[in-house]
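Geometric and topological summary
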Amino acid sequence: MINSIKLSAGFRRTFVREVILPLLAILLLTFAGAGVGLYWGSAVTNSGAREQQQRMIEASFTQSLNEHLRQLRSLTRWTPLAEQLSATPDREWLDRNTGGWLYEMFRHPLVVLLDDSDRRVAVWRNGQSVADRHVDPALERLLQGPLVRRRAEAADARERADFVRIGQRVAALAVGEIASAAGRWRLVSITFLDDGYLRSLSERSQLRQLLFSADAPPSDRQSWYALTSRQGDRLGYVSWDADKPGGQMLHTLGPFTLLSVALITLLCLFMVRRIWTSSLSLSQSLLKLEASEAQAQHLAFHDVLTGLPNRALVDDRLTQALAAAVRHDQRVALLLDLDRFKNINDTYGHHAGDALIIEVARRLSEMVRASDTVGRLGGDEFIIVLPDAGTLDAVQALAKRIISRLSEPYLLAENELWVGVSIGLTLAPADGLDRQELMRKADIALYEAKNNGRGQYRQFEQAMDESLRSRQQMAADLRQALVNFAGLAVWYQPLMEISGQRVVGLEALLRWQHPVRGSVSPADFIAIAEETGLIIPLGEWVLREACRTAIALPQVIVAVNVSPVQFRTAGVVDRIIEIVQQEGADPQRMELEITEGVLIEDEHAARDSIVALRAAGFRIALDDFGTGYSSLNYLSSFPVDKIKIDRSFTQSLGVAQNSAAIVESVVRLGHAMGLTVTAEGVETECQKNALADAGCNQLQGYLFSQAVPLSEILKMV
Ligand code: C2E
Ligand code: CA
Ligand code: CA
């Protein structure tokens, strides 16, 4: 949760920096560019239009002046007028055809006729002759001025026109010479720049709202033209309503531009949203991928149940520690294996087993330093790698602490459980610097610890390795022997009636003649057969042999040793019954010897099997009574037929104090329970007598006979 918040804050910052800001910059630049372009375009268009309008008005003024002159020319070049002026002019004719005609035709409001000596011959105002030929002083000055009085020799200069100021008014003035017999007369026509003039100018120039002002153009108008006479006098200003195509352009394009800006912005927002969601989900899935990679990484190197490093990681750590061990002192690996863990699994279920393993992992982790590695190799097997173990004493102290700590009760699901631990210990570099070598040796040491009664630690010794090697060789040889039972034989040791005179039973004892080693003691190879599981076919073979002997010797009972490994195998009861049936023997004459260990390992199953076997007719003997856990309590809960007092007891008679009393009490208790009591290992008369005095029922030992081949027994019986 916190992670995802962190992610989105960081992601948002990055997103704003990498996507939003550049996009905003692009948008702003684009819009600014478009705006400036539009504005600039319209300004350029406007100023272009203004220049054109200026040129237009200028041309219109020139044109109107030329037209004025042309209109005047229609009179000055009119021969009848020149002829009329040559003589004394007829006033009436003159009025009608000069001032009158110009006014009628062209609306020239003021026309003046001057003779060769610049005398005013006639003045017409609005087509009417002014009787006293009076003009106002401003015009008077103009008529005396060079524009009017100049006499030009060149033919094309004989008529001229210009804009002039007359008092407060501005007018167009045209002068034309009339060549007559009476000299060079001049006709002067004046048209004021009044509304009518401006109207026709406006028509000609296509400019709207023309306005003339004498001093300065009206401040609210940007388009104006300064009217100047040909002499260079500034006469006034003509202004107009400017045609602004740029503005129009802006007006037309503006809404479209705004619309596209809005559209582009929307589109960008939409895109940003899309990019945001897709890159968010991308970065989230990347993060998830990372997390699941980390998880996979963790899973690859850790045990799922306990979270401890698994074999792969332990191997790695051990390799590192060993690499360092080359330079420094000792590195230690402790291999731990829980004792009788399988029982807990079988009795209380896998959940309890798992909970126990987790608790063991927790206790172990608490007891080591951070630099040490506690790993789980699988099942109930753990390992501790101490990369800097210190003294051997310290390591041994740790091993002891672990044993006592793990032996403390476990409270799981309201059950108080106990479990032990065995530890194998190897030291580097003393025991080697190769990881696999070291692990193998730790394994051997662990095996030794287990073999020596569990709940203890063993440090690896070279001798262990050798015994292991020979054990492995022996296992291979035994497997080979089992193919056709070559070298294997069942010998029998008699069980005597207490008097020692009569054979009442035989104990079948396995013998192995090894091709190289010669005769191998069962004490050595039975354990190997148990470890390798070979004890099952071996035990079954002995049982078959014993059955045949029982059939051959109907007067004795034949006892067969059943290994705890065999006894714990599923379906063992059915298997034994089946074999005996197959051999055609009577179960009533067969005795099965089991050890107390069988009972302790799994009470319920053991009791069930014993009950079933007894129901099938077999007799059950409790072998090696008095060693190990043996307590008389067990006897009450297991329905056996016989106890065999272990030979260590027999042989302590007369040596250890109280031994006779102990044997006596065992015998008494056995009898009280209705059991037969046999004593093993009777070697002397003295022992025989003591056992007889204690009340034993049967005796077995070298005093009577060792285990011998069946042929020997046949002679004896
Ligand atoms: P066990 O069942 O206690 O067998 C008795 C052992 O004590 C035999 O050793 C026997 O030779 C020896 N013994 C008998 N009388 C005397 C005596 O007076 N003094 C001394 N010192 N020893 C005596 P063995 O044959 O070497 O067998 C050793 C163990 O091997 C047996 O102990 C039994 O646990 C196991 N074993 C032997 N044969 C078989 C077999 O066929 N199946 C199974 N599962 N175990 C067997
Ligand atoms: Ca026995
Ligand atoms: Ca025994």
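Every value quoted in this text rests on a predicted model; they were computed, and no experiment measured them. (Residues numbered from 1 in each chain as written. Chains lettered and ligands numbered in written order. Predicted model: local features only at pLDDT ≥ 70, side-chain atom pairs only at ≥ 80, totals over all residues. Heavy atoms only, no water.)

1. Concerning the coordination of the calcium ion (ligand 3)
At 2.2 to 2.4 Å from the calcium ion (ligand 3) lie its protein donor atoms, namely Asp623 (OD), Asp624 (OD), Glu680 (OE) and Glu680 (OE). In this structure, the calcium ion (ligand 3) lies 3.9 Å away from the calcium ion (ligand 2), the two metals sharing Asp623 as a donor. One end of the pair, Asp623, is in strand 22 (residues 619-625); the other, Glu680, is in the loop between strand 24 (676-679) and helix 24 (685-694), and 57 residues separate them in sequence. (Donors = N, O, S within 2.8 Å, 3.2 Å for Na, K, Ca; no water. Helix = DSSP H or I, 4+ residues; strand = E, 2+ residues; numbered from the N terminus.)

2. Brief notes about the coordination of the calcium ion (ligand 2)
Octahedral metals with six donors have ideal donor angles of 90 or 180 degrees. Tetrahedral metals with four donors have an ideal donor angle of 109.5 degrees. The coordination sphere of the calcium ion (ligand 2), as far as protein atoms go, consists of Glu507 (OE), Asn561 (OD1), Glu593 (OE) and Asp623 (OD), spread over 2.0 to 2.3 Å. Exposure remark for Asn561: the relative accessible area of 28% places this residue in the partly exposed category. Since its relative accessible area comes to 6%, Asp623 is described here as buried. (Buried < 20%, exposed > 50% of the residue type's maximum accessible area, 1.4 Å probe, protein only.)

3. Side note on the pattern of salt bridges
According to the stated counting rule, one finds 37 salt bridges in the structure shown. The salt bridge partner of Lys450 is Asp337, with a shortest N-O separation of 3.1 Å. Taken together, the residues span a long stretch of sequence, with Lys450 in helix 13 (residues 435-451) and Asp337 in strand 10 (residues 331-339) at a distance of 113 residues. For Asp337, a relative accessible area of 12% corresponds to the buried category. Ionic contacts of the salt-bridge type, sharing partners, join the residues Glu359, Arg362, Arg363, Glu366, Arg405 and Glu408 into one network. (Salt bridge = Lys/Arg side-chain N within 4 Å of Asp/Glu carboxyl O.)

4. Focus: the UniProt feature "transmembrane region" (unreviewed entry) in the protein chain
The UniProt record annotates "transmembrane region" (unreviewed entry) at residues 20-40. Secondary structure content for residues 20-40 is 100% helix and 0% strand, and the end C-alpha separation is 29 Å. (UniProt positions renumbered as here; feature names shortened; annotations may be inferred.)

5. Description of the environment of Arg647
Here Arg647 shows up in helix 22 (residues 647-652). Taking the C-alpha atoms as reference points, Arg647 and Thr627, separated by 20 residues in sequence, lie 9.6 Å from one another. Ignoring anything within four residues of it in the chain, the contact list for Arg647 reads Glu680 and Gly681. (Contact = heavy atoms within 4.5 Å.)

6. Regarding the sheet that holds strand 10
Across the sheet, which stays open at both edges, the five strands sit in the order 11-12-10-15-16 with mixed pairing between neighbours. A strand with exactly one partner marks an edge of an open sheet, and here the two such strands are strand 11 (373-378) and strand 16 (457-459). Between one strand axis and the next, the sheet turns by 20° as a mean value, whatever way the strands run. In terms of strand pairing, strand 10 meets strand 12 (residues 381-386) through six bridges, oriented antiparallel. (Pairing = 2+ DSSP bridges. Axes fitted to C-alpha atoms, helices over the stretch in contact; angles between N-to-C directions.)

7. Observations concerning the sheet that holds strand 8 (residues 223-228)
Either a parallel or an antiparallel arrangement is found when strands of a sheet pair, and the pairing is made through backbone hydrogen bonds. An order of 7-9-8 is seen for the three strands of this open sheet, with the pairing classed as antiparallel. Either end of the sheet is taken by a strand with one partner, and the two such strands are strand 7 (208-213) and strand 8. Sheet twist, expressed as the mean angle between neighbouring strand axes with direction ignored, is 25°. Strand direction decides the pairing type here: strand 8 and strand 9 (residues 234-241), joined by six bridges, are antiparallel. What sits directly across from Trp224, in strand 9, is Ser239.

8. Observations regarding the packing of helix 10 (residues 341-348) against helix 11 (residues 350-367)
It is at 6 Å that the axes of helix 10 and helix 11 come closest, and there the two elements cross at 140°. Judged by the angle between their axes, helix 10 and helix 11 are oblique. Only His350, Ala352, Gly353, Leu356 and Ile357 of helix 11 make contact with helix 10, whose side of the interface consists of Phe341, Ile344, Asn345 and Tyr348. Of the residues belonging to the contact of helix 10 with helix 11, the class tally is six nonpolar, three polar and no charged. (Parallel < 35°, antiparallel > 145°, perpendicular 65-115°, else oblique. Nonpolar A, V, L, I, M, F, W, Y, C, P; charged D, E, K, R; others polar.)

9. Topic: the site of ligand 1
As a structural note, the neighbourhood of ligand 1 is formed by 20 residues, with Gln493, Arg511, Arg647, Glu683 and Tyr702 the closest of them. In the environment of ligand 1, an oxygen atom lies 3.1 Å from a nitrogen or oxygen atom belonging to the side chain of Asn561. Between ligand 1 and Arg647, the relevant distance is 2.8 Å, taken from an oxygen atom to a side-chain nitrogen or oxygen of the residue. Burial of ligand 1 by the protein amounts to 85% of the accessible area it has alone, namely 790 Å². Those elements that place two or more of their residues in the shell around ligand 1 are strand 18 (503-514), helix 15 (522-532), strand 22 and helix 22. Of all the elements, strand 18 adds the most residues to the shell around ligand 1, at four residues. Classifying every residue of the shell around ligand 1 by side-chain character gives seven nonpolar, six polar and seven charged. (Near = heavy atom within 4 Å. Polar contact = N/O pair within 3.5 Å; in protein donor to acceptor, adjacent residues only side chain to side chain. Areas by Shrake-Rupley, 256 points an atom, 1.4 Å probe, with all protein chains shown as cover.)

10. Structural notes on the packing of aromatic side chains
A complete count under the given rule lists 10 aromatic pairs for this structure. Relative to Trp541, the ring of Phe485 has its centre 4.7 Å away and its plane inclined at 10°; by these criteria the two rings are stacked. Here Phe485, found in the loop between helix 14 (462-484) and strand 17 (488-497), pairs with Trp541, found in helix 16 (residues 535-552); they are 56 residues apart in sequence, far enough to count as distant. Through a chain of ring-to-ring contacts, three or more aromatic side chains come together here, namely Phe11, Phe15 and Trp276. (Phe/Tyr/Trp six-rings, centres within 6.5 Å; stacked < 30°, edge-to-face > 60°.)

11. Regarding helix 5 (residues 137-144)
Those residues of helix 5 lying buried are Ala138, Leu139, Leu142 and Leu143. One side of helix 5 holds all its buried residues, which, seen down the axis, span an arc of 135°. Exposed side of helix 5, more than 90 degrees from the buried face: Pro137 and Arg141 are the residues found there. Buried residues along helix 5 sit in contact with strand 1 (110-114), strand 2 (120-125), helix 6 (146-149), strand 4 (159-166), strand 5 (169-180) and strand 6 (183-192). (Arc of directions from axis to C-beta.)

12. Quick look at the pairing of strand 18
With 10 of 12 residues buried, strand 18 is to be regarded as a mostly interior element. Following strand 17, the chain reverses through five residues before pairing antiparallel with strand 18; Gly500 in that reversal takes a positive phi of roughly 80°. For strand 18 and strand 20 (residues 557-561), the ladder comprises four bridges, and the chain directions are parallel. Residue pairing for strand 20: Leu506 is matched across the bridge by Val558.

13. Some thoughts on the side chain of Lys441
With respect to the element layout, Lys441 can be found in helix 13. A residue is classified by how much of its surface remains accessible, and Lys441, at 9% relative accessible area, is buried. The residues contacting Lys441, other than those within four sequence positions of it, are Thr426, Asp431, Phe460 and Asp465.

14. Let's talk about the environment of Glu83
Take Glu83: it is sitting in helix 2 (residues 79-86). Given the relative accessible area of 54%, Glu83 is considered exposed. Taking C-alpha positions, Glu83 is 23 Å from Val130, a pair spaced 47 residues apart along the chain.

15. Re the pairing of strand 23 (residues 642-645)
Across the two faces of strand 23 the burial is the same, with Lys642 and Lys644 and Ile643 and Ile645 all buried. Bridge count between strand 22 and strand 23: three bridges; the pairing is parallel. Note on strand 23: the bridge partner recorded for Leu622 is Ile643. In the sheet, strand 23 pairs with strand 24 via four bridges, with the strands oriented parallel. By the bridge assignment for strand 24, Ile645 is matched with Ala679.

16. Considerations on the side chain of Ser652
Within the secondary structure, Ser652 sits in helix 22. You can call Ser652 buried: its relative accessible area is 17%.

17. Quick word on the packing of helix 14 against helix 15
It is the contact of helix 14 with helix 15, at a shortest axis distance of 10 Å, that shows an interaxial angle of 80°. Taken together, the axes of helix 14 and helix 15 lie roughly perpendicular to each other. Together, Arg471, Met474, Ala475, Leu478 and Arg479 of helix 14 and Asp524, Phe525, Ile528, Ala529, Glu531 and Thr532 of helix 15 make up the contact between the two elements. Classifying every residue of the contact of helix 14 with helix 15 gives six nonpolar, one polar and four charged.

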